[in-house]
Amino acid sequence: MEPDLPPTRPGAELGAELGAELGDGPRDEPEEAAAAPAVVAVVVAHGDARHLEECLHALAGSDYPDLTVLVIAATDDDLAIRVAPVLPKAFVRPVTVRGFAAGANDAIATVAGAPFLLFCHTDVVPEPTAIRVLVEEAYRSNAAIIGPKLVDVARPEILREVGWSIDRFGVAHSEIERDELDQEQHDAVRDVFFVSDACVLIRADLFSELGGFDPECDPGARALDLCWRARLAAARVIVAPDARVGHFEEDGPHESDRALAQRHRVRALLTNTAAARLLWIIPMAMVLHFAEALVFLLRRRRDRSAALVGAWTGNLRNLGSLRASRARAQAARVVPDREIHALQFRGSARVSNYMTSSLHADAHMRSWSQRGRSVADSASSQFRTWRGLLLIGMVALVVVGSRGLLLDRLSAVGQFAPWPGVSDLLRSFTSEWRFAELGAHSPAPPLLALAALLRILGLGSGDLVRSLIVVGAIPVAAFGAARAARPIAGAGWPSVVAAFAYGIVPVPRNAIASGALGPLMLYVAAPFVFLALVTLGGLVTFRWPRRRIAVLGGVGVAGAATFWPLAIALPVVLVVGMLVVAPLTRDASARLVTMLRSAAVLSGLALVLLFPWPLAFLAGGDRIGALGIGYDPIDSFGSLLRLTVGPNGSGLGPWAFLVVGLAVTVMASGERAVWCLRLWGIALVGWIVAAVPAWVGSASPDVAGMLVPAALALALIAGIGVATFVDEVRRGGLGWRHVLAAVSAAGLALAAFTFVGDTAGGRWHQPSGDWNSTLSWMRAQRDRGSFRVLWVGSPGSVPGAFHRTGETAFALTNEGPGDLRDALPAPGGAGFAAARDAVEQLADNRTSRIGRVVGPMAVRYIAAPQRPAPGPGAPAAPDDPVVAALARQLDLRQLEVVAGMVLYENVAWIPGRAVVADVPRSRPTGVTPFDVRTSGVARPGTRDSVVWSQQYSDDWQAPSRARAPVTQQRAFGWANGFSPAAAVSEADAITFAKQWWRWPLLLMQLAIVIGLARRALRRGRRARRSRGAHEPVADLVTAPVVVPAEESSS
Amino acid sequence: MSRSGRVVFVALLIIAFVLVTIATGRDKSTPVAVATGPRIDGGGTLASWYCAEGTSSPDGRADEEIVMGNVGAAPSRATITVFGGSEVAPVRREYDIAPGRVVRVRVADIAVQAEPGVLVEVRGGATAVEHRIQRGSDVALGPCAREPADQANFASGTTLRGAEVWLALFNPFPDDAVVDAAVTTGEGLRAPGALQGIVVPRFTRVSVPLHDLVPRADLLAVSTSVRRGRVVAEQSVALDGTDGRGGLALSLGAATAREWRFPAGITGSGRTERLVLANSGSRDVRVTVGFVLDAAAAVEPVAVIIPGATALAVDLSRVPPDIGFATVVRARRPIAAEMIGASTPPQGADVRGLASDLGVTRGARRWAIVPARLTATSLDALALVSADGRRHRVQIVRQVRGRARVLARAVVPAVGRTTIDLARLVGSPDVAVEVRAHGPVAVERVSSRPGFTRSHAVVHAGTGR
């Protein structure tokens, strides 16, 4: 039986018929219905239109009195067959165009006489009152575009949409969360930037005036574009939540649609934004897009990454079409862009979208929440045990002992230099020229980038981040020690005691006291590096793939080396330690070779990760100083054995670690004894390396860092001791091993008391003040020109990175007392030699005019601290050679500062960029003093030169005035001179020509990091896939070599 | 590894740890005795010397002459800068000093200033700078300072009738200085308001008339402390002949010390010596004064207790007359000590005068004697004592055409002193000589005719340790 088909008509015929339907002809409706404005529901059917019948059925059930339904069939299927049974009165118009926008636009020509058009997808189900509410609200609010509240068809209590807002970059953002319950929380009528075209009521005249939807924005941005253009035309876009429309939850968009949607959103942005605003919108939007693309690339979502990049390239290709659309949109503009701008919200919707959609943050959050509850439950039950209480107690003591650092601030003693702003850090990192000290053409240390990143994560508070790093070092290191102890000594008490012992060794506390940031970071990284090394060496097994372990171990070494370059040798020291006791442990030579290879891999990976910074150390100059070797060696071997080279850990307590180590070595048996010997080898090598400088009479690296291997080894031995006691000693009869165990326990208790004692001050004996604060006024002295500060004194007093000549340490800081940018200076060159020579002249009493010697280095202040920080303490010794030598200098003016420092201002100072007459080419010496004549302006016709107080390089270029020739020459033997000075433009900066070289290096650095990260992640995924779905992934260690009997029995 | 093996391993570790800890725990550093006071540094030096006392105006209290002597093998070049105050442009002159030679320059020939401060900058060679002041027929010679001092002490003052004591404070640096001075007398501490907060502007010499501020004090020991900035302090004492005492003495301020040596001393036949000890601290100090005689005799040391903030003169009457002697002062706490010698009738008129010396606190191996002779007819001698209680051989060396020529050899006994007559070794007054010893010795020079003066020599610090 043939269905009663609805009429299918060509456009003109259908228009006339629709016109008659809408009032041109006789009407049968009652008076009330005649008062209602006519609405044509334009249902655009394209694709398979699975829910067309439900949609038509709902429209048929609408209580709106003057509703006509027009089905635009933008599909090859004959829809009349499907429409007729549901809504016989509906008009069906087949069209040849494809897509929603083009189909909907057909209504402009087809429909006449209706003041409102209701555009519908085929998958919406309007409630009976929805259309009436929309029309009423259109009149009430004088709105041109009105959207309903979209809810899920199957679960009407779930919200799908209540209008959209966008950010400045055209990225849509909805206030509702995924699967948010409708509790009438969004039921207020309000303005929105755009509404979905799933079901939208539009004033027909406006739709016609705007030219309908832009087919070039279909899919993905047609509604956004239409509403945006309506906004430009001063039309109001609102959402009327009382109008409820069900919406079927379709599958997510196809990837090709997603790519198109990205492109079309960019098109909408470029079409509707004013030209002036585009100047800054485009660059920022591109940065955000490409950053997101990079993230997707890292997550191996190449399609989405390509879609983001293609969004820009696609629009670039269609520039002609874009220009035409833009001309039309801007021609209709009656509202200035600043008013549109005010409707857009600040910030980036992309970030929130990324969190909610790309990362599935909601799901993750739920997952994390569940995991967190699980972990918390587990931790809660574990921490109720004695082991948990021990760890909690230690962490609590760390917090108590660090309260001054947390509540007050971290002093800038030693290497705890303050961090400048993010932009300054990044500018320094991306600069090909290093402006530290006297400058050098040298790669910047990655520490600058790391600090910038951490500062961003710390919401811009450098002090907070520094404090957290320092305070968090001990707990994180203790966690690492627990992890490292687990495969060696076993889980439970052994790993807890190892963590406890590693946490209470005096090494990190003294590192904090003296500002030894590098050794502190090595202390944190050492357990993880050790674990990676022994795993790669085959001494223990680990669940993770070897490649990932190698990468993470390399990251650990690189992380420590970022702060302290010598940390790169940590794997080698660990392996050599195990090698020296190999005759006792009887480790196979093949295994030793593997260990050596593993150490080389870890150090090598770290070098690769730090590339190109390691290249800086190949340059000439003070390589030793650049590596941080310049401290006075520790004469007392007893101090090294006690792991105490500072104010913390006084008394007998620290001896306990040694006692415990010796006792456990005798007490243990089997594989545990072998591990004890290996760890003793590491400790011995660490001590010997730390003691060698004193034995040979040379300068030493920071001893705190040298003691880290020994500290780790002794802590792990303590863990082994507990395992031995639990598994062996406790079960045997009372004997000498019980005595040793008791002695060990008492020793650890004694060490813990020492640890508790050190918490009293709240700062781990770190001074509360610092020279940086005392001399902060210097930063306000730049108005007379850029300058440097020369620090001279003993190695323990000069803050930051310093060089050493004889017994005197010296450092140069720029524009004040220095910050992180002055840390880790490049080894130097002729400039360093000049600075060292000047300090030697001073220390050897070979000059009484040091000001003239260092004047060309722009040294305006010479600071001689007698202690690491200001405050109470012993005054300077009267025969301090540097202080006495400075007092003899005739061109220094003494300034008054707090006790503990002698500060002079150099009256022979030359600003960093100055006009100097008769610049000598050779380096000034104290024996042949010269008179440098400076003038504020260049005098034409003279031999004046512009001296640029950066180390000489052919690549420095001075801007010339009116293209006059400028000759560069070496000034003072190391600096740059440009003559004639009159030809140098004063208004422009002297520039370094090779800056371009930095970018490929940075890209290479980035590529290395990305490559290694991907390699580690890829292997991990493959491994996970190969393991199957039910294998747990949280457990880090699968097969400890030594399994405690307690665990194995259980 | 078996348990017994591990026990042996642990035992070896313990033994090794104990041995290494003991070995490295010993304090291997030994205190190095560094000579204090003016010194010539090693080669390649730009050395500055500061001469505070003296005047260069016709009506000045003491006409000043700069004496520069090069005891090194290389020539040196000196720049003399005379400052007349922060508002007056300094005047500079340059001079070349040949090896082994002495150059004398009257300050008045460079610039006439009422309050001249003289800065001498020497490049190259090994040149010591002293200055000689003259008032009438009285002369005084002493080394210029090599560095400013936070504290300076003088013990030789007296403000009895006919005496003038001038404290000269020289600030050759570009920052102003503020100095406090305290005066210790036999009656205790005096700190007149005028001596507090003395401002010494940059590039300025300031003279303080102590005789006006603290009159009629037989013993007057001055202690200056720098509150801010840097200064060089010198003191001159002039006696106008009242009560038969006349002469001019010059002292360079020194830090307090626990040990002082005065190698040159003699009493009798119109020669008197007065050893003044000043304790500017608040606690009593026990001091032992020992004597080393030229003759084969011994004198009991003198033990005195100096009350806090007090100066006292040590009774030297137990030292036999007409026998040369050296004096060694050892105190429990740092004090100032100064020996004041007077040459009065029956000594001849051309050798009468007053001489003071703050003594030697540390020994040295090399000393510069600049000039070797005060004048061509003067009587000049060196007195040497061992600074470490050991016997040392010494040489008197002069640079001649780039080579060191030994003029004399002598031995400084472990206990006792040695004197060397320079007039027999050197004829010209324009020669500089050097004392080279194999061990630390203390050297003092005595010159007379005209007048009478005494000072300790300048340390040549090239090997002065």
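Quick caveat: nothing in here was measured; it's all calculated off a predicted structure.

Cut-offs and rules
Here, residues in each chain are numbered from 1, in the same order as that chain's written sequence. All chains are assigned letters beginning with A, and all ligands numbers beginning with 1, in the order in which they are written. Whole-chain, interface and lining totals are the exception, using all residues; otherwise, since this is a predicted model, local features are given only for residues with pLDDT of at least 70 and side-chain atom pairs are given and counted only at 80 or more. Helix and strand definitions follow DSSP, with helices as H or I runs of at least four residues and strands as E runs of at least two, each counted in order from the N terminus. Note that the radius of gyration is over C-alpha atoms, with the globule rule given as 2.2 Å times the number of residues to the power 0.38. A residue is called partly exposed when the number of other C-beta atoms within 10 Å of its own lies between 12 and 20, exposed at 12 or fewer, and buried at 20 or more, with C-beta atoms placed from the backbone. Note on contacts: residues are paired as contacts if their backbone-placed C-beta atoms lie within 7 Å. Under the convention adopted here, Pro, Cys and the residues Ala, Val, Leu, Ile, Met, Phe, Trp and Tyr are nonpolar, Asp, Glu, Lys and Arg are charged, and Gly plus all remaining residues are polar. Whether two strands pair depends on DSSP finding at least two bridges between them. In this description, a line fitted to the C-alpha atoms serves as the axis of each element, helices being fitted only across the stretch in contact, and the angle between N-to-C directions of two axes falls anywhere from 0 to 180 degrees. The handedness rule is simple: strands pointing away from the viewer, and a clockwise path from the first strand over the helix to the second, make the crossover right-handed. Any angle from 65 to 115 degrees is called roughly perpendicular, while one under 35 is roughly parallel, one over 145 is roughly antiparallel, and all others are oblique. When the near helix sits turned anticlockwise from the far one by under a right angle, the crossing is termed left-handed; a clockwise turn instead gives a right-handed crossing. An expected span of 1.5 Å times one less than the residue number is assigned to each helix. On a range of 0 to 100, pLDDT expresses the predictor's confidence in each residue.

## Section: the overall build of chain B
And then number 1: The helix and strand tally for chain B stands at 4 helices and 33 strands.
And then number 2: A globule of 465 residues ought to have a C-alpha radius of gyration of about 23 Å, and chain B, at 24 Å, matches this closely.
And then number 3: Based on the C-alpha atoms only, the size of chain B along its principal axes is roughly 95 × 55 × 50 Å.
And then number 4: Taking all 465 residues of chain B together, 55% fall into the buried category.
And then number 5: When contacts within chain B are restricted to residue pairs at least 6 apart in sequence, those whose partners lie at least 24 apart make up 80%.

## Overview of the overall build of chain A
And then number 1: Helix and strand counts for chain A stand at 40 helices and 27 strands.
And then number 2: Each of the 1050 residues in chain A was classed as buried or not, and the buried ones make up 52%.
And then number 3: Summarising the internal contacts of chain A: among those between residues at least 6 apart in sequence, 79% fall at separations of at least 24.

## Details of the interface of chain A and chain B
A common way to state how big an interface is: give the accessible area lost once the parts meet.
And then number 1: Facing the 30 residues of chain A at the interface are 31 residues of chain B.
And then number 2: Elements represented by at least two residues in the side of chain A that touches chain B include exactly α29 (637-641), α30 (655-667), α31 (670-696), α38 (881-887) and β19 (892-895) of chain A.
And then number 3: Classifying every residue of the side of chain A that touches chain B gives 14 nonpolar, 9 polar and 7 charged.

## Let's talk about the pairing of strand β29 (residues 403-412) of chain B
Residues and elements named next belong to chain B.
And then number 1: As paired elements, strand β28 (residues 392-400) and β29 share 9 bridges and run antiparallel to each other. Within β29, the position partnered with Val 397 by the bridge is Val 406.
And then number 2: The turn linking β28 back onto β29 is made up of 2 residues, and Arg 401 within it adopts a positive phi angle of 50°.

## Some thoughts on the sheet that holds strand β18 (residues 246-252) of chain B
Residues and elements named next belong to chain B.
And then number 1: What the 4 strands build is an open sheet, ordered β15-β11-β17-β18; its pairing is antiparallel. Two strands bound the open sheet, and with one partner strand each, they are β15 (204-209) and β18. Between one strand axis and the next, the sheet turns through 15° on average, direction left out of account.
And then number 2: With 8 bridges connecting them, strand β11 (residues 163-171) and strand β17 (residues 232-240) associate as antiparallel partners. Opposite Ala 168, over in β17, you have Glu 234 as the bridge partner.

## Considerations on the environment of Val 295 of chain A
All names here are of chain A.
And then number 1: Topologically, Val 295 is positioned in helix α10 (residues 275-298).
And then number 2: Overall, Val 295 belongs to the partly exposed group, with 16 C-beta atoms counted inside 10 Å.
And then number 3: Considered as a pair, Val 295 and Val 581 are 286 residues apart in the sequence and their alpha carbons are 47 Å apart.

## Some details on the environment of Pro 701 of chain A
Residue and element names in this part refer to chain A.
And then number 1: Within the secondary structure layout, Pro 701 lies in the loop between α31 and α32 (703-706).
And then number 2: Expressed as a C-alpha distance, the spacing of Pro 701 and Asp 770, which sit 69 residues apart in the sequence, is 22 Å.
And then number 3: If sequence neighbours within four positions are ignored, Pro 701 has contacts with Leu 566, Gly 628, Ile 629, Tyr 631 and Met 706.

## With respect to the pairing of strand β3 (residues 91-94) of chain A
All names here are of chain A.
And then number 1: As defined by bridge partners, strand β2 (residues 67-73) adjoins β3 across 4 bridges and the pair is classed as parallel. In the strand pairing of β3, Ala 73 is matched with Pro 94.
And then number 2: Remark: the β2/helix α4 (residues 80-86)/β3 crossover connection has right-handed handedness.

## Section: the packing of helix α16 (residues 386-401) of chain A against helix α21 (residues 493-504) of chain A
All names here are of chain A.
And then number 1: Closest axis-to-axis distance for the α16/α21 pair is 10 Å, and the angle between their directions is 15°. When the axes of α16 and α21 are compared, the pair comes out roughly parallel. Of the two possible hands of crossing, α16 and α21 adopt the one that is left-handed. Facing α16, whose interface residues are Arg 387, Leu 390, Leu 391 and Met 394, α21 presents Trp 493, Val 496, Ala 499, Phe 500, Gly 503 and Ile 504.
And then number 2: Grouping the constituent residues of the contact of α16 with α21 by class yields 8 nonpolar, 1 polar and 1 charged.

## Looking at helix α6 (residues 130-141) of chain A
All names here are of chain A.
And then number 1: Between the first and last C-alpha of α6 there are 16 Å, a value that for 12 residues agrees with the 16 Å anticipated at 1.5 Å per step.
And then number 2: Those residues of α6 that sit buried are Ala 130, Ile 131, Val 133, Leu 134, Val 135, Glu 137 and Ala 138.
And then number 3: Phi turns positive, to about 55°, at Asn 142, one or two residues after α6.

## What about the sheet that holds strand β2 (residues 46-51) of chain B?
Residues and elements named next belong to chain B.
And then number 1: Read from one edge of the open sheet, 4 strands run β2-β7-β4-β5, paired in antiparallel fashion. Edge strands, defined here as strands with exactly one partner in the open sheet, are β2 and β5 (91-97). Strand-to-strand twist of the sheet, defined as the mean angle between neighbouring strand axes without regard to direction, takes the value 20°.
And then number 2: When strand β4 (residues 76-83) meets β5, the two strands line up antiparallel, connected through 7 bridges. Looking at the pairing, Thr 81 lines up with Arg 92 of β5.

## Describing the confidence of the model for chain B
And then number 1: Overall, the prediction assigns chain B a mean pLDDT of 88, with 95% of residues at 70 or greater.
And then number 2: If you check the scores for this complex, the pTM reads 0.70 and the ipTM reads 0.82.

## Brief notes about helix α8 (residues 222-232) of chain A
And then number 1: In terms of burial, α8 of chain A is a largely internal element, 11 of the 11 residues being buried.
And then number 2: Following α8 of chain A by one or two positions, Ala 234 of chain A adopts a phi angle in the positive range, close to 70°.

## Structural notes on the packing of helix α25 (residues 570-580) of chain A against α31 of chain A
Residues and elements named next belong to chain A.
And then number 1: Contact geometry of α25 with α31 gives a least axis separation of 7 Å together with a crossing angle of 120°. Here α25 is positioned oblique relative to α31, judged by the angle of their axes. For α25 against α31, the interelement crossing comes out right-handed. Between α25 and α31, the contacting residues are Val 573, Leu 574, Val 576, Gly 577, Met 578 and Val 580 on the first element and Arg 678, Gly 681, Ile 682, Leu 684, Val 685, Gly 686 and Val 689 on the second.

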